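Structural description and commentary
Each chain, letter by letter, is given below.
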Amino acid sequence: MDQYLYKPNVVPVYQRIFQTGSAPVFLRGKSDRFVYRSAMIMSLCGIGITLYGVVMMATGQLKKKS
């Protein structure tokens, strides 16, 4: 039980990470840039696919085959 009660205080370490530097807060962790860039790439792909579908529907080239 002592391992849960008497852990070292890691707050000063995280305070140094998040209070210094010029990068935005959401990009200061170790893997934050990878996660952020991946999310932006996926969202841009989704927007592109959506716009492609809208253009195909508007021009009449996308028709269901039944």
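Remember, predicted model here, so these are calculated numbers, not experimental data. Per-chain numbering applies: the sequence of each chain, read as written, is numbered from 1 onward. Restriction of local features to residues with pLDDT of at least 70 applies here, the model being predicted, together with a cutoff of 80 or more for giving and counting side-chain atom pairs; totals for whole chains, interfaces and linings are based on all residues. The side-chain quantities take in all heavy atoms of the structure and omit both hydrogens and water.

Under the scheme used here, helices are H or I runs from DSSP no shorter than 4 residues and strands are E runs no shorter than 2 residues, and both carry numbers assigned from the N terminus. Along the polypeptide, T50 turns up in helix α3 (residues 32-59). On a C-alpha basis, the gap between T50 and P24 in space is 30 Å, while along the polypeptide they are 26 residues apart.

Attention now goes to the confidence of the model for the chain. Predictor confidence is given residue by residue as pLDDT, running from a minimum of 0 to a maximum of 100. Taken over all residues, the pLDDT of the chain has a mean of 87, while the share at 70 or more is 95%. No element of the chain has a lower mean pLDDT than helix α1 (residues 2-5), which averages 82, and none a higher one than α3, which averages 94.

Right, let's talk about a nonpolar patch on the surface for a bit. For patch detection, residues must exceed 30% relative accessible area and be free of salt bridges, and they are connected within 9 Å for like charges or within 5 Å for nonpolar side chains (Val, Leu, Ile, Met, Phe, Trp, Tyr). Computed by Shrake-Rupley with a 1.4 Å probe, the accessible areas treat only the displayed protein chains as cover when residues are assessed. One speaks of a salt bridge when a side-chain nitrogen belonging to Lys or Arg is within 4 Å of a carboxyl oxygen belonging to Asp or Glu. A cluster of nonpolar residues, V10, V13, Y14, I17, F18 and V25, forms a patch on the protein surface that exposes about 520 Å² of accessible area. Within the secondary structure, V25 is located in the loop between α2 (11-19) and α3.

Right, let's talk about the packing of aromatic side chains for a bit. Stacked, tilted and edge-to-face pairs are distinguished by plane angle, under 30 degrees for stacked and over 60 for edge-to-face with tilted covering the rest, among Phe, Tyr and Trp rings (Trp via its six-membered ring) whose centres lie within 6.5 Å. With the rule as written, the count across this model stands at one aromatic pair. Ring centres 5.4 Å apart and planes at 40° place the aromatic pair F26 and Y36 in the tilted group. In this pair, F26 sits in the loop between α2 and α3 while Y36 sits in helix α3, placing the two residues ten residues apart along the sequence.

Bringing α3 into the picture now. An expected span of 1.5 Å times one less than the residue number is assigned to each helix. Helix length check: α3, at 28 residues, gives a terminal C-alpha distance of 41 Å against a target of 40 Å (1.5 Å per residue), a fit within 8%. Positive phi appears at G60, one or two residues downstream of α3, with a value of about 85°.

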